[in-house]
Every structure is written in C-alpha cells, then in structure tokens.
Amino acid sequence: MLYISREHVHDRLDKEIAPAAVCDSGDTVVFQTRDCYDDSVTCEERPLGDRRDTLENPATGPLYIRGALPGDILKVEILTINLRSWGAMCSSFSYGAFAGRFPEPKAAIFAINGDQIRFDEKLTLDCCPMIGVIGTAPGGEGIDTATPGGHGGNMDCRKIGEGTALYLPVAVQGALLSLGDLHALMGDGEVFICGLETAGEVTVRVHVLKNCRLPVPFLLTADKVMTIQSAPTTDEAGRKAVLRMEAFVREAAGISELKSGMLMSLAADMSICQIVDPKMTVRVEFPRKILAQYGWEAI
Ligand code: CA
Ligand code: CA
C-alpha cells in the first residue's frame, strides 16, 4: 500500500508543489499527518511550541492521481483514522468566540487512550476522529492550509470522519490531494479556536469520477448527503450551502424548484462547522432515505 510520511508536509494547497506520491484511481493510500501546531506543542509549559520554524496547519501530500483531469470529481473514501496517544489545545487572543479573553498564550495536553480522551480526573470524553484540512490543489493561485473554500481545505467539518466519502473538485491534472489537521474530538463551531489537535494515520481510497455532477465539496455519510460551503460570514456560507443542496435535490429527485425548496425546509438541517478560520464554514445535511425514494443512488 502506498504510504506518504509526515516528512511530506506543506502549508499551501498549490499546483506548484511537487507530488509526494502517484497512484491510480481505485488505489488505497495512507497519509501520515502532523498536528496543526506542526507537532511542536508538546507540554503546557511551552504554549508557543518547542521550536520556531513551524508550519501552520501542515497538510501531508500532495497525492497525484493518474487520469484525474480538470472538471473531474475526486471521490475520497475515508477508511480509517488512527490517532496518536495525545492531543493538544492552545488558546487564541485574536480568533474565535473567546477572542480577547486570554492575553497570555495557554496550552493543554490531553491523553488519548484508545477511543477515550482524559479531560481531567473526573471527565473522560469519547473520541470522534475527524479531518480538519482536506483538499485538492486549486486551478489558480495556491491557497494556504488555514483557509477553507471550494477546493476543500480547512473546512473543519466534524462529519468528515471514518466511513464517509468526500467529493472534491479536480482543478489541475492529478488532482493533488492533501490532508492533515486531525481532531480527536470537536464540536460544531469549533468555538474556542481548535479541536483536540492531534496527528495520526489516515487511510483513504481515491476514485476519479468522469462526467459527474455534484455540488462539491460534497460529503456522503451512512444516512446523509452534505454540502459544505465557506464564506466571509456564516450567513453567506449557510445560504450558499442551502442553495447548492436545493439544486442538487431538485435534480436528483426530478421535482420542481418550489417543491424542492419546500422539501428542504422540511428535511434539511443546517449546521455551523467552524467560526474560527479566515472564512466561516456551514454545512447542509439532507437524508439519503428521501433521495432513495426518488431513485437516487450514491456514486
Ligand atoms: Ca482546522
Ligand atoms: Ca485544527
């Protein structure tokens, strides 16, 4: 199996970055990732990290998929996410709902034992591993790994986890897939500034889809489909995610605009993924069992 080690990291999704590995459509690939602090925050005494030359939000890759051409869609099945045995969280003075509250940088380290997080002496939390940064290279200028967008990137959507499939646009030859910024656990909104930031190994299977129309970035889970959109405000991101899902539902079900709008109001759920990145991210979820009644099947 193809393995991309944590040595192959970068802080941009950019077509100018040389591929770390090359594979075929249908192949399974393991990405070894670093955490969003470039693995430099290892103790509470040094909240700014152990060293200076760190990357912000390093992503592992890029993976070049043979046969992927601009206009195709890349399907990324997330098979497993294996986390290391600890995670870190750092405060922020500038971003998130608590901006201005912690003038001194603070860090906390939490042990991860199997699927349990030791929060303190009294509280353990269940892990729900997710991928914060996952995207393809955009067609134009590169985009830093802190910023989410149409290419994916730092979407911080807690639903991007094991057993799901993420559909991303292919804007350049080979698609150039990168991922990183694993969280052992994160709530919708990521309100403090971070999830439980950790590193690990992510196993994915990639497929190049030709002549496929989906409102990417698009997520398929066991029971839902989801549009994920980012914009300067949550209002704008939410509206984009709704409109993209409505157009998808209308076409998939073959119903009128009026009826698909009404059906969205009855069955679609909006959730805020994160409010802490350079753009805000909102997702809209729609039940697969409704689409199945209209004969829609996942690709
Ligand atoms: Ca993130
Ligand atoms: Ca993160």
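Nothing here was measured: the structure is a model prediction, and the numbers come from that model.

Rules used throughout
- Along each chain, residues carry numbers from 1 onward, in the same order as the chain's sequence is written.
- Working convention: letters from A go to chains and numbers from 1 go to ligands, in the order in which they are written.
- Confidence filtering applies because this is a predicted model: local features only for residues at pLDDT of at least 70, side-chain atom pairs given and counted only at 80 or more, and all residues used for totals across whole chains, interfaces and linings.
- With hydrogens and water stripped out, all remaining heavy atoms of the structure feed into the side-chain values.
- Helix numbers and strand numbers start at the N terminus; a helix is a DSSP run of H or I with at least 4 residues, a strand a run of E with at least 2.
- Buried means the residue's accessible area, taken with a 1.4 Å probe over protein chains only, is under 20% of the maximum for its type, while exposed means over 50%, and partly exposed covers the values in between.
- Pairs of residues are marked as contacts when any of their non-hydrogen atoms sit within 4.5 Å.
- Sites may look incomplete, because water is not among the atoms used; the donor set itself consists of N, O and S atoms within 2.8 Å of the metal (3.2 Å for Na, K and Ca).
- For two strands to be treated as a pair, DSSP must find at least two bridges joining them.
- Lines are fitted to the C-alpha atoms to define the axes, a helix being fitted only along its stretch in contact, and any angle between axes, read from their N-to-C directions, falls within 0 to 180 degrees.
- Only one rule defines a salt bridge in this text: a Lys or Arg side-chain nitrogen within 4 Å of an Asp or Glu carboxyl oxygen.
- Joining through side-chain atoms within 4.5 Å is the link that ties buried Ala, Val, Leu, Ile, Met, Phe, Trp, Tyr and Cys residues into a set, and such a set is a nonpolar core.
- Each helix should span, by expectation, one fewer than its residue count multiplied by 1.5 Å.

S.K.: What should I look at first to understand the environment of Phe110 in this one?
M.R.: Along the chain, Phe110 falls in strand S9 (residues 107-113). Phe110 gets classed as buried once you look at its relative accessible area, which sits at 9%. A sequence separation of 55 residues divides Phe110 from Leu55, and the C-alpha atoms of the two residues are 22 Å apart. When near neighbours in sequence (up to four residues on either side) are disregarded, Phe110 contacts Ser85, Trp86, Gly87, Met89, Ile117, Arg118, Phe119 and Leu196.

S.K.: Teacher, can you tell me more about the coordination of the calcium ion (ligand 2) here?
M.R.: Octahedral six-donor coordination of a metal ideally yields angles of 90 or 180 degrees, compared with 109.5 degrees for tetrahedral four-donor coordination. Ligation of the calcium ion (ligand 2) by protein atoms is provided by Asp181 (OD), Asp181 (OD), His183 (NE2), Glu197 (OE) and Glu197 (OE), these donors lying 2.2 to 3.1 Å from the ion. Here the donor residues for the calcium ion (ligand 2) map to a single chain with the spacing D-x1-H-x13-E. With relative accessibility at 0%, the residue His183 sits in the buried group. Assessed through its relative accessible area of 1%, Glu197 is described here as buried.

S.K.: Would you mind going over the sheet that holds strand S7 (residues 73-83) with me for this structure?
M.R.: Paired through their backbone hydrogen bonds, the strands of a sheet run either parallel or antiparallel. As summarised here, the arrangement of the nine strands in space is S1-S5-S19-S7-S16-S20-S21-S23-S22, forming an open sheet in which the pairing is mixed. A strand with exactly one partner marks an edge of an open sheet, and here the two such strands are strand S1 (2-4) and strand S22 (269-274). Between one strand axis and the next, the sheet turns by 25° as a mean value, whatever way the strands run. With three bridges connecting them, strand S20 (residues 218-220) and strand S21 (residues 224-231) associate as antiparallel partners. Within S21, the residue paired with Leu220 across the bridge is Val225. Along the sheet, helix H1 (residues 234-253) makes contact with S20, S21, S22 and strand S23 (280-287), crossing S21 at roughly 140°. Strands in contact with helix H2 (residues 257-267) are S22 and S23; relative to S23, the strand with the most contacts, it is inclined by about 100°.

S.K.: Would you take a moment to explain the coordination of the calcium ion (ligand 1) for this structure?
M.R.: At 2.2 to 2.4 Å from the calcium ion (ligand 1) lie its protein donor atoms, namely Asn154 (OD1), Asp156 (OD), Asp156 (OD) and Asp181 (OD). Distance-wise, the calcium ion (ligand 2) is placed 3.3 Å from the calcium ion (ligand 1), both being coordinated by Asp181. Of this pair, Asn154 sits in strand S15 (residues 152-154) while Asp181 sits in strand S17 (residues 177-183); the two residues are 27 residues apart in sequence, bridging distant segments of the chain. Each member of the pair Asn154 and Asp181 is classed as buried.

S.K.: Help me understand the side chain of Thr203 in this model?
M.R.: Residue placement: Thr203 occurs in strand S19 (residues 200-209). Setting aside residues no more than four positions away along its own chain, Thr203 makes contact with Met1, Thr28, Val29, Val30, Glu77, Ile78, Leu79 and Thr80.

S.K.: What am I meant to see in the pairing of S7 here?
M.R.: Look at any regular strand and the pattern is simple: side chains alternate between the two faces of the sheet. Here S7 runs beside strand S16 (residues 165-169); their pairing, made up of five bridges, is antiparallel. The partner of Ile73 across the bridge, within S16, is Pro169. Pairing of S7 with S19 involves 10 bridges; the strand directions are antiparallel. If you follow Glu77 over to S19, its bridge partner there is Arg205.

S.K.: Can you walk me through the pattern of salt bridges in this structure?
M.R.: Proximity of charged atoms lets side chains of opposite charge pair with each other. Tallying each qualifying case throughout the model produces 19 salt bridges. Here Arg51 makes a salt bridge to Asp53, at a shortest N to O gap of 3.5 Å. With relative accessibility at 33%, the residue Arg51 sits in the partly exposed group. A relative accessible area of 61% places Asp53 in the exposed class. For Arg283, the salt bridge is made with Asp188, and the minimal N-O distance between the two is 2.9 Å. A residue pair is termed long-range when its members are at least 10 positions apart, and Arg283 in strand S23 and Asp188 in the loop between S17 and strand S18 (197-198) qualify at 95 residues. Taken together, the shared-partner salt bridges in this structure form one network comprising Arg158, Asp188, Lys224, Asp269, Arg283 and Glu285.

S.K.: Whenever I open this one, the nonpolar core confuses me. Can you help?
M.R.: The tendency in soluble globular proteins is for nonpolar side chains to be buried side by side. In terms of nonpolar packing, the biggest core is built from 32 residues, with Leu63, Ile65, Ile134, Ile160 and Leu177 touching the most fellow members. In this structure, Ala165, Leu209, Val216 and Ile290 belong to the second largest nonpolar core, which totals 26 residues.

S.K.: Where do I start with H1 in this structure?
M.R.: Counted at 1.5 Å a residue, the expected span for H1 with its 20 residues is 28 Å, and the 28 Å between its end C-alpha atoms agrees. Contacts from the buried residues of H1 go to S20, S21, H2, S22, S23 and helix H3 (288-293). A positive backbone phi angle near 70° is found at Gly254, which sits one or two residues after H1.

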